[in-house]
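Chains, contacts and geometry: an overview
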Amino acid sequence: MQKLEHYIQVAGQRLRCGYTTGTCAAAAARGAAELLLTGAAPDLLRVETPSGLTVEVEVEEARLLGNCARCAVRKDAGDDPDVTDGVLVWAAVERTASPGVTIDGGEGVGRVTRPGLDQPPGAAAINSVPRRMITEQLETALRAAGADCGFRAVISIPQGRELAEKTFNPRLGIEGGLSVLGTSGIVRPMSEAALVASIHAELDVRRAEGAFDLLVSPGNYGADFARDVLGLDLRQSVQCSNYIGDTLDYAAAKGFRSLLLVGHLGKLVKCAAGVMNTHSRVADCRMETLAAHAALCGANRETVRVILQAVTTEAAILALREAGLLEPTMDSVMEALSHHLRRRAGETLRVEAVLFTNQHGILGETEGAAELLALHRKGEREP
């Protein structure tokens, strides 16, 4: 098995990156397509990932059976403790008379049973970015061979059903196997201590550069929303992952003046309950918190039940909107969020927050958030 030789430095540790199940599926599909079109499977596959990094993957197995070719590659999670590390990801590809590409899941790939996820109920749990990567690889193979047919691809992970029991898939309503995931195509390994240390190091850099006012987001969703929707300058922003409490503690200790937190409802609603490490293994009080605030605002028993049974916060928002309680519930959540953030930050660090979802946009702002939004739009971070 050829391993990805790409490393990152995290708090003095040299950690090896890996590639996602989405990258594996795209590579396997390309190998199967080439076998089907040319009669020979490549020994090595190259996939350009969304991150811009090219991954080279060995073909572990390849079989040609009439109008169907199957190819397998092995997942490499690098130094990340991933339950899928080392599993075989298979793609079965067959010609279709009509042009275009269709993608489905086979053995060991979960099936979505509840609304609110990346794919609709009934679809294979193969997320949007992996679907795009698979399609790109199959279309490239068709162009290279000058073929005018289409393709149907079925992705399988034979160990997936068993491994899925170690994930949150059953709780999310994904049945029968794993999800095929990945937004960048690359797995970036991070231990908790190393990740917190890297956040501290980034805050040290910002302070050394003379910054007094921080823009913080938990991850890419928040950063993208801050840039693309709010129009904020990200040049001196920091991503804090799940470690919101640690980030507040360190920012206060380093003498920062203010911190504007821009985050998705799924993360920040936990903070509204006083949870400052938002990783799902620490706490998942999203629906309970939303249901409690909805009840405070007059939600009936049925609305509370629907919220508690929602798979995602997006689905819970729909229930609140249908009940006519979205605005008061979000006001209540923001009041609690502001209280917990300010209590954690102490008296010297001013903290404001903007809460959003991709589907519904801004859902709430703390009382003084508008002032810090204007500050970061102007880039006025001098003391």
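Per chain, residue numbering runs from 1 following the sequence as it is written. In keeping with the predicted nature of the model, local features appear solely for residues at pLDDT of at least 70, side-chain atom pairs appear and are counted solely at 80 or more, and the whole-chain, interface and lining totals rest on all residues. Heavy atoms from the whole structure form the basis of all side-chain values; hydrogens and water molecules are not counted.

Considerations on the packing of aromatic side chains
Aromatic pairs are defined between Phe, Tyr and Trp rings, using the six-membered ring for Trp, whenever the two ring centres lie within 6.5 Å; interplanar angles under 30 degrees are classed as stacked, those over 60 as edge-to-face, and all others as tilted. Enumeration over the complete set of coordinates arrives at 1 aromatic pair. Summarising the aromatic geometry, the rings of F225 and F356 are spaced 3.9 Å apart at their centres and angled 5° between planes, so their arrangement reads as stacked. Here F356 lies in strand β17 (residues 350-357) and F225 lies in helix α6 (residues 220-228), a separation of 131 residues in the sequence. On the basis of relative accessibility, which here comes to 6%, the residue F225 falls in the buried class. Here, over-ring charges are defined by two tests on the NZ atom of lysine or the CZ atom of arginine: distance to the ring centre within 6 Å, and angle to the ring normal within 35 degrees. Between the NZ or CZ atom of R207 and the centre of the ring of F212, over which it lies, the distance is 4.0 Å. Residue placement shows R207 over the ring face of F256; its charged tip is 5.9 Å from the ring centre. Under the DSSP-based scheme used, a helix requires at least four consecutive residues in state H or I and a strand at least two consecutive residues in state E, with every element numbered from the N terminus. Note on exposure labels: buried denotes an accessible area under 20% of the residue type's maximum, exposed denotes more than 50%, and partly exposed covers the range between, all computed with a 1.4 Å probe on protein chains only.

Considerations on helix α1 (residues 21-38)
Compared with the 26 Å implied by 1.5 Å per residue over 18 residues, the 26 Å span of α1 between its first and last C-alpha is a close match. The buried fraction of α1 amounts to 15 of the 18 residues, a majority that puts the element mostly inside the structure. Positive backbone phi, approximately 85°, marks G39, located one or two places after α1. A helix's residues, less one, multiplied by 1.5 Å, set its expected span.

A look at helix α9 (residues 286-296)
Residues R286, M287, T289, L290, A291, H293 and A294 constitute the buried set of α9. Residues are treated as being in contact if the distance between any of their heavy atoms lies within 4.5 Å. Each element contacted by the buried residues of α9 is listed here: α8 (265-271), α10 (301-308), α11 (313-322) and α12 (326-345). Phi turns positive, to about 105°, at G298, one or two residues after α9.

Quick look at the environment of E347
Positionally, E347 belongs in the loop between α12 and β17. Among the residues examined, E347 registers a relative accessible area of 85% and is labelled exposed.

Some words on the packing of α10 against α11
Note on method: axes are straight lines fitted to C-alpha atoms, helices fitted across the in-contact stretch only, with angles between N-to-C directions ranging 0 to 180 degrees. Orientation of α10 relative to α11, taken along the N-to-C sense of each, is 165°, at an axis distance of 8 Å. As far as their axial angle goes, α11 and α10 are roughly antiparallel. Crossing geometry of α10 relative to α11 is assigned as right-handed. For the pair α10 and α11, the contacting residues are T303, V306 and I307 in the first and A316, A319 and L320 in the second. Just so you know the grouping, Ala, Val, Leu, Ile, Met, Phe, Trp, Tyr, Cys and Pro go in nonpolar, Asp, Glu, Lys and Arg go in charged, and all remaining residues, Gly too, go in polar. The residue inventory of the contact of α10 with α11, partitioned by class, reads 5 nonpolar, 1 polar and no charged. Convention used here: angles under 35 degrees read as roughly parallel, angles over 145 as roughly antiparallel, angles from 65 to 115 as roughly perpendicular, and any remaining angle as oblique. Helix crossings are classified by the rotation of the near helix relative to the far one: an anticlockwise turn of less than a right angle makes the crossing left-handed, while a clockwise turn makes it right-handed.

What about the packing of α1 against helix α2 (residues 128-145)?
In contact at an axis separation of 8 Å, α1 and α2 are set at 20° when each is read in the N-to-C sense. Compared by their axis directions, α1 and α2 come out roughly parallel. In this structure, the crossing between α1 and α2 has a hand that is right-handed. Where α1 abuts α2, its residues G22, T23, A25, A26, A29, R30, A33 and L37 lie against P130, M133, I134, Q137, L138, T140, A141, L142 and A145.

Looking at the sheet that holds strand β6 (residues 61-65)
Pairing between strands is defined by DSSP: at least two bridges between them are needed. On the basis of which strands lie adjacent, the open sheet formed by 5 strands has the order β6-β7-β8-β11-β9 and mixed pairing. Taken across any chain shown, the strands that pair with only one partner, and hence form the sheet edges, are β6 and β9 (101-105). Here the strands of the sheet are splayed against their neighbours by 15° on average, with no regard to which way each runs. Relative to strand β7 (residues 68-74), β6 is paired through 5 bridges, and the arrangement is antiparallel. Across the sheet, L65 pairs through a bridge with C68, a residue of β7. Its contacts with the sheet put α1 on β6, β7, β8 (88-96) and β11 (150-156), and the angle it makes with β8 is roughly 45°. In this fold α2 packs onto β8, β9 and β11, with an angle of close to 135° to the strand it touches most, β9.

Examining the side chain of T366
Within the element layout of this structure, T366 appears in the loop between β18 (361-365) and α13 (369-378). Engagement of the side chain of T366 in a polar contact is seen with the backbone nitrogen of A353, the distance being 2.9 Å. Look past the residues within four positions of T366 in its chain and what remains in contact with it is M334, S338, R342, E352 and A353. Definition of a polar contact: a pair of N or O atoms within 3.5 Å, with one able to donate and the other able to accept a hydrogen when the atoms are protein atoms, and with sequence-neighbouring residues admitted only if both atoms are side-chain atoms.

A few points about unusual backbone geometry
With a phi close to 55°, S241 is a non-glycine residue in the positive phi region. Relative to the helices and strands, S241 resides in the loop between β15 (237-239) and α7 (244-253). Assessed through its relative accessible area of 21%, S241 is described here as partly exposed.

Re the sheet that holds strand β16 (residues 258-264)
Taking strand neighbours across the sheet as the criterion, the 5 strands line up as β15-β14-β16-β17-β18 in an open arrangement whose pairing is mixed. Of all the strands in the sheet, the pair left with one neighbour each is β15 and β18. The average angle at which neighbouring strand axes cross in this sheet is 25°, direction not considered. In the packing of α6 onto the sheet, the strands contacted are β14 (213-217), β15, β16, β17 and β18, and the crossing angle to β17 comes to about 95°.

Comments concerning the pattern of salt bridges
Salt bridge criterion: a side-chain nitrogen from Lys or Arg within 4 Å of a carboxyl oxygen from Asp or Glu. Evaluated as defined, the whole model comprises 21 salt bridges. The shortest N-O distance in the salt bridge between R30 and E34 comes to 2.9 Å. A residue pair is termed a helical-turn pair when its members lie 3 or 4 positions apart in one helix, as R30 and E34 do in helix α1 at 4 residues. Overall, E34 belongs to the partly exposed group, its relative accessible area being 22%. Note that R152 is salt-bridged to D104, the shortest N-O span being 3.9 Å. Of this pair, R152 sits in strand β11 while D104 sits in strand β9, and the two are 48 residues apart along the sequence. The class of R152 is partly exposed, set by a relative accessible area of 33%. For D104, a relative accessible area of 23% puts it in the partly exposed group. Each of the salt bridges in this network shares a partner with another, and the network as a whole consists of R342, R350, E352 and E371.

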